[in-house]
Amino acid sequence: MLAIQAVRTGGPEVLEAVDLPVPSPGPGQILVRHQAVGLNFIDTYHRSGLYPMKMPVVLGLEAAGVVEAPGEGVTRFKAGDRVAYNGTLGAYAEAAVVPADRAVKVPDAVSLETAAAVLLKGMTAEFLVRRCHKVEPGQTVLIHAAAGGVGSILVQWAKALGATVIATVGSQAKAALARDHGADHVILYGEEDVAARVAEITGGQGVAVVYDGVGKDTFEASLKSLGRRGMLATFGNASGAAPAIAPLELGTKSLFLTRPRLFDYIATTTELDESAAALFAVLASGAVKIEIGQTFPLAEARAAHEALEGRRTTGATLLVP
């Protein structure tokens, strides 16, 4: 089967197509034949070495497809079931073996392409707005990279929860997308002082929470944009890792700072199922719509990484085996 390996740490050029044998599921595992593979920024962190791992490695944490064979003892799924998963390396391939207790069934109302495009990003949005900081009606929130995969879901979900949404984007085209998703105010972070604009919009009160997947470039503005007892959830490093900070700096307004990871919020199968159910429900309601902005053949994963890191993507990106 075709698979894409990072043969060493580095830029997109380290991705190589290889021919690997189709794996067999062991006890408690399922073999999934992929129909679509999700592309996520964390894939670039694995490739670059920001999140170290042994090389060579087949990248990818998210895919959707059909169960080809369940392993011994698996009762959660049967052959032919439509499933999706995230959190198990090896998705950049035509098929993969994954633990049965880390996959979820995809309801008939959701396409496998949508499931592959949304599961990791959508469950990230779910834990951020429902559990990391529970967004309440009437709150004002700041969402960076609002036209991206996670950002576009966060904007829609926060609006559905009754929040006023301030979105930051990098271009006028992405500003239009953020507005289409329901953002009440849009800031072009390359052209405007984000914290000053947030202060203007909020009458100097600041926001209840900042959802920051950008990292280094937005960290300072994120802290300055918070209101009293506000929370900064810095959950990504699109521009590089956020800088170190002394705890005393949070004392100016009794701020909260967290660096949350999805996998700590779906650590058990019960949490995984509940997160997926909440995501699929908000999709079914129409409150959140998923835009698959672009697709690449699996063999062109390098070009997909170049587009993602060059901020030339909008919405979700799929690799198609």
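Only a predicted model underlies this, so the values are computations on that prediction, with no experimental measurement involved.

Structural notes on the packing of aromatic side chains
Scanning all chains against the criterion turns up three aromatic pairs. With a centroid separation of 6.1 Å and 40° between ring planes, the pair formed by F41 and Y45 is classed as tilted. Within this pair, F41 and its partner Y45 are both found in helix α1 (residues 41-48), separated by four residues, close to a single helical turn. A relative accessible area of 24% means that F41 is categorised as partly exposed.

Here's the deal with unusual backbone geometry
Backbone torsion omega between M55 and P56 reads -5°, so that peptide bond is classified as cis. You will see that A145, though not glycine, has its phi angle at about 50°, which is positive. According to the relative accessible area criterion, A145 is partly exposed, its value standing at 30%.

Digging into the sheet that holds strand β9 (residues 140-143)
Spatially, β11-β10-β9-β12-β13-β14 is the arrangement adopted by the six strands of the open sheet, whose pairing is parallel. Each of the sheet's edge strands pairs with one partner strand only, and the pair in question is β11 (185-188) and β14 (256-258). Going from strand to strand, the sheet's axes swing by 15° on average, the running direction of each strand aside. Across five bridges, the pairing between strand β12 (residues 207-212) and strand β13 (residues 226-234) is parallel. Note that in β13 the partner of V210 across the bridge is L232. Of the strands in this sheet, β12, β13 and β14 touch helix α2 (residues 112-132), which is tilted by about 150° from β13. The strands that helix α4 (residues 172-180) touches are β10 (164-169) and β11; relative to β11, the one it contacts most, it runs at about 160°.

Some words on empty space enclosed by the protein
Going through the model one piece at a time under the given rule, you end up with one cavity of 30 Å³ or more. The volume enclosed by the largest cavity comes to roughly 50 Å³. Lining the largest cavity are A117, V118, K121, G149, S152, I153, K289, I290, E291, G315 and A316. Within the residue set of the lining of the largest cavity, elements represented by two or more residues are α2 and α3 (149-160). Residue classes in the lining of the largest cavity are distributed as five nonpolar, three polar and three charged.

So, the packing of α2 against helix α8 (residues 269-285)
Between two packed helices, the angle of one axis relative to the other and the distance separating the axes together describe the packing. At their nearest, the axes of α2 and α8 sit 9 Å apart, and the two run at 95° to each other. By the criterion of interaxial angle, the relationship of α2 to α8 is roughly perpendicular. Seen from α2, the contacting residues are V118, L119, G122, M123, E126, R130 and R131; seen from α8, they are L272, S275, A276, A278, L279, F280 and L283. Here the residues of the contact of α2 with α8 sort into nine nonpolar, two polar and three charged.

Cut-off values and rules
Residues numbered from 1 in each chain as written. Predicted model: local features only at pLDDT ≥ 70, side-chain atom pairs only at ≥ 80, totals over all residues. Heavy atoms only, no water. Phe/Tyr/Trp six-rings, centres within 6.5 Å; stacked < 30°, edge-to-face > 60°. Helix = DSSP H or I, 4+ residues; strand = E, 2+ residues; numbered from the N terminus. Buried < 20%, exposed > 50% of the residue type's maximum accessible area, 1.4 Å probe, protein only. Pairing = 2+ DSSP bridges. Axes fitted to C-alpha atoms, helices over the stretch in contact; angles between N-to-C directions. Contact = heavy atoms within 4.5 Å. 1 Å grid on protein atoms, 1.4 Å probe; cavity = no way out; pocket = protein on both sides within 12 Å on 5 of 7 lines; lining within 4 Å. Points joined across faces, edges and corners; volume = space filled by probe spheres on them. Nonpolar A, V, L, I, M, F, W, Y, C, P; charged D, E, K, R; others polar. Parallel < 35°, antiparallel > 145°, perpendicular 65-115°, else oblique.

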